[in-house]
Protein chains: 2
Amino acid sequence: MQVKLAKSYGFCFGVRRAIKLAENKPNGITLGPLIHNAKEINRLKDKFNVVVNENIQEIPKDAEVIIRTHGITKEDLQKLKEKTKNITDATCPFVTKPQEICEKMSNEGYGIIIFGDEKHPEVKGVMSYCKTIPLVVESLEALKKAKIPDKVALISQTTKNIELFLEIADFLIRHCSECRVFNTICNATFDNQESARNLAKEVDIMVIVGGKNSSNTKQLYNISKEYCEDCYLIEDFQELHREWFKGKKLCGVSAGASTPNWIINEVVETIQKY
Amino acid sequence: MQVKLAKSYGFCFGVRRAIKLAENKPNGITLGPLIHNAKEINRLKDKFNVVVNENIQEIPKDAEVIIRTHGITKEDLQKLKEKTKNITDATCPFVTKPQEICEKMSNEGYGIIIFGDEKHPEVKGVMSYCKTIPLVVESLEALKKAKIPDKVALISQTTKNIELFLEIADFLIRHCSECRVFNTICNATFDNQESARNLAKEVDIMVIVGGKNSSNTKQLYNISKEYCEDCYLIEDFQELHREWFKGKKLCGVSAGASTPNWIINEVVETIQKY
């Protein structure tokens, strides 16, 4: 089976930076998983004894703590600072930005609209910087049911789909006298999405490699599925099934921003052997 | 021939207000035509001796001057104030708004993008409030050729088409880190456009009544033409041709924001007689 990789895929700047920071803090604790990739988290544990703890109460006093790429809430940051001074902030700078915008715009009296998943840690973190209650929507349909202020600031979870973001922006522009749109979708996400879209158009089958709880990986899957019906989302090569590839000639591969190269390579090598 | 009027058409708030202001200043001079409707301008001249003068140099000292609905440039306002204290400002409040936004946003360092016709008096007026050189575009194609700043404020000529405005907004949101969108398309324009669109879908022929130099009238014509191929733009009943209506059953009628009811009524009555 011939394999073609997307022009842009896998590790983004924020993930690469976070892993480097974590590797430099052996025996450290990350508050929740550093990135959304269980296998890379296991590698950090095995090689650097960097462990995950979801519960801020359980963090020992003065512990070496690493803040995850998705950021944490303002309240948790406060609690953490009371426990320890040894904090390494691996929040992706592209996530820090919407946090700051949220704080500033809500202070200036704009109604805050966040396009994102309110259960995702990144969005929880961003929401916590809002001085008023933000409206968090995952679709235009949800927005249509909500009461919309006359002056709004719109931001996006960094890993969301630009087309859906624009649908939401358009609706707000129609209905508000001022709509401040901050395109906080990160470039890596955008590039990976564009590349997956282009690749999906020319292949017989698409395989997306990434964590099943990773937002940006899910977007890559949804976008590819639009253009290539035979599309699969897997976490590693062990989830591949030989029968998927029967009668196919060209397989496209892309990967989420938190998928390390060694996992992608294993997938590519396995498919090439079919 | 059966005639159906659009749900919303004709005189808007700003035009109605301007005419009332002019009627209250008999023997006054308007700097350029008060509204884009030659027949109504003639009526004001015949009944109230309100005359038009395009040239600010020719305005006599201390004359009674009425500023047109489309507004004038900041420089002309200054010159006018040096000539006379007797100024009645009939600028539509919906036009004053983009002037203020332009001034404020350019002061705050945003690149100004105006969706409109740079030769239209309203846009000339709005542009003059900009501290920097604004980018004025009439289409997405024109915008694509321009150099776009990273932080922009987008406004629209009040009489433009919302769908094209959103195309431009979407492009800017994709390419800028912040895009402040001010929906300055006036409600009357929006309502008239929506009503013309709905009516055009159900009739055999559409007649739009309004000045040929009127921006909002041209929009009504373009929108109607999309849904009803037999669409005509006329200034008054004398431009109607009986043969247009051969084999048609239902005629839709709409009119621009500067078209007085007496002109529309003459058109409707003429068509009904066919």
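Residues numbered from 1 in each chain as written. Chains lettered and ligands numbered in written order. Predicted model: local features only at pLDDT ≥ 70, side-chain atom pairs only at ≥ 80, totals over all residues. Heavy atoms only, no water.

Named according to an unreviewed UniProt entry, chain A is 4-hydroxy-3-methylbut-2-enyl diphosphate reductase originating from Helicobacter canadensis MIT 98-5491. What UniProt states about chain A under its Function (unreviewed entry) heading is, verbatim, "Catalyzes the conversion of 1-hydroxy-2-methyl-2-(E)-butenyl 4-diphosphate (HMBPP) into a mixture of isopentenyl diphosphate (IPP) and dimethylallyl diphosphate (DMAPP). Acts in the terminal step of the DOXP/MEP pathway for isoprenoid precursor biosynthesis." (UniProt positions renumbered as here; feature names shortened; annotations may be inferred.)

Let's talk about the environment of A:Ser128
Residues and elements named next belong to chain A. Inspection of the secondary structure puts serine 128 in the loop between helix 5 (121-127) and strand 7 (135-137). Not counting residues within four places of it along the chain, the set of residues in contact with serine 128 comprises Thr73, Lys74 and Glu75. At 2.6 Å, the side chain of serine 128 forms a polar contact with the backbone oxygen of glycine 125. (Helix = DSSP H or I, 4+ residues; strand = E, 2+ residues; numbered from the N terminus. Contact = heavy atoms within 4.5 Å. Polar contact = N/O pair within 3.5 Å; in protein donor to acceptor, adjacent residues only side chain to side chain.)

Comments concerning the nonpolar core
Buried together is how nonpolar side chains tend to be arranged in soluble globular proteins. Of all hydrophobic cores here, the largest spans 38 residues; its most connected members are A:Leu172 and B:Leu172. What B:Leu172 contacts, discounting residues up to four positions off in sequence, is B:Ile113, B:Leu143, B:Ile148, B:Val152, B:Leu154 and B:Cys179. (Core = buried A, V, L, I, M, F, W, Y, C linked by side-chain atoms within 4.5 Å. Buried < 20%, exposed > 50% of the residue type's maximum accessible area, 1.4 Å probe, protein only.)

Looking at the relation of the copies chain B and chain A
You can overlay chain B on chain A at an RMSD of 0.1 Å; the transform is a turn of 180° with a shift of 0.1 Å along its axis. Such values leave the two copies arranged in the relation of a two-fold axis. Measuring from the rotation axis to each C-alpha of chain B, the shortest distance belongs to B:Arg180, at 2.1 Å. (Least-squares fit on C-alpha atoms with pLDDT ≥ 70 in both.)

Considering the UniProt feature "binding site: [4Fe-4S] cluster" (unreviewed entry) in chain A
All names here are of chain A. The residues that UniProt annotates with the feature "binding site: [4Fe-4S] cluster" (unreviewed entry) are Cys12, Cys92 and Cys186. A maximum C-alpha distance of 10.1 Å among these annotated residues, which run over 175 residues, shows that they cluster at one spot. As for its position among the elements, cysteine 12 is in the loop between strand 1 (2-5) and helix 1 (13-23). Look at cysteine 12 and you get buried, because its relative accessible area is 12%. Among residues more than four places away in sequence, those in contact with cysteine 12 are Ala188 and Ala257. Tracing the backbone through its elements, the reader meets cysteine 186 in the loop between strand 9 (178-182) and helix 8 (187-202). Apart from residues no more than four positions distant in its own chain, cysteine 186 is found in contact with Phe94 and Thr158.

Regarding the pairing of strand 11 (residues 231-234) of chain B
Relative to strand 11 of chain B, strand 10 (residues 205-209) of chain B is paired through four bridges, and the arrangement is parallel. Bridge pairing in strand 11 of chain B links B:Met206 to B:Cys231. (Pairing = 2+ DSSP bridges.)

Let's talk about the interface of chain B and chain A
Between chain B and chain A, the contact holds 19 residues from the first and 19 residues from the second. At the boundary of chain B with chain A, total buried surface from both sides reaches about 1700 Å², with 49% on carbon and sulfur atoms. Inspection of the chain B/chain A interface yields four salt bridges. Taken together, chain B and chain A are joined by 12 residue pairs in polar contact (both at pLDDT 80 or more). (Buried area = accessible area lost by both parts, 1.4 Å probe. Salt bridge = Lys/Arg side-chain N within 4 Å of Asp/Glu carboxyl O.)

Observations concerning the packing of helix 1 (residues 13-23) of chain B against helix 2 (residues 38-48) of chain B
Residue and element names in this part refer to chain B. Close contact between helix 1 and helix 2 brings their axes to 11 Å; oriented N to C, the two are set at 20°. By the angle class used here, helix 1 and helix 2 are roughly parallel. Helix 1 and helix 2 meet at a crossing whose hand is right-handed. Between helix 1, through Ile19, Ala22 and Glu23, and helix 2, the contact on the second element is made entirely by Glu40, Arg43, Leu44 and Phe48. Along the lines of polarity and charge, the residues of the contact of helix 1 with helix 2 split into four nonpolar, no polar and three charged. (Axes fitted to C-alpha atoms, helices over the stretch in contact; angles between N-to-C directions. Parallel < 35°, antiparallel > 145°, perpendicular 65-115°, else oblique. Left-handed = near helix turned anticlockwise from the far one by under 90°. Nonpolar A, V, L, I, M, F, W, Y, C, P; charged D, E, K, R; others polar.)

Some details on the packing of helix 8 (residues 187-202) of chain B against helix 9 (residues 215-227) of chain B
All names here are of chain B. Contact geometry for helix 8 and helix 9: axes closest at 8 Å, N-to-C directions at 30°. Our classification of the angle between helix 8 and helix 9 gives roughly parallel. Handedness of the crossing formed by helix 8 with helix 9: right-handed. Taken together, the residues of helix 9 that come into contact with helix 8 (itself represented by Asn192, Gln193, Ala196, Arg197, Ala200 and Lys201) are Gln219, Leu220, Ile223, Ser224 and Tyr227. Residue composition of the contact of helix 8 with helix 9, by class: five nonpolar, four polar and two charged.

Topic: the environment of B:Asn49
All names here are of chain B. Tracing the chain through its elements places asparagine 49 in the loop between helix 2 and strand 3 (51-53). Exposure remark for asparagine 49: the relative accessible area of 41% places this residue in the partly exposed category. When the C-alpha atoms of asparagine 49 and glutamine 219 are compared, they prove to be 31 Å apart, with 170 residues separating the residues in sequence. For asparagine 49, the residues in contact, after removing those within four places along its chain, are Asn27, Gly28 and Leu44. Polar contacts involving the side chain of asparagine 49 include one to the side chain of asparagine 27, which spans 3.0 Å.

Side note on the state of the cysteines
Residues and elements named next belong to chain A. On inspection of all chains with the given rule, the structure shows zero disulfides over all chains. The thiol of cysteine 176 is unpaired, and the distance to the nearest cysteine sulfur, on cysteine 179, comes to 5.8 Å. When its relative accessible area of 4% is taken as the criterion, cysteine 176 is described as buried. (Disulfide = S-S within 2.5 Å.)

Some remarks on the UniProt feature "active site" (unreviewed entry) in chain A
Residue and element names in this part refer to chain A. Annotation from UniProt places "active site" (unreviewed entry) at Glu122. Relative to the helices and strands, glutamate 122 is located in helix 5. Those residues within four positions of glutamate 122 in sequence are excluded, and the remaining contacts are His70, Val95, Gln157 and Thr158.

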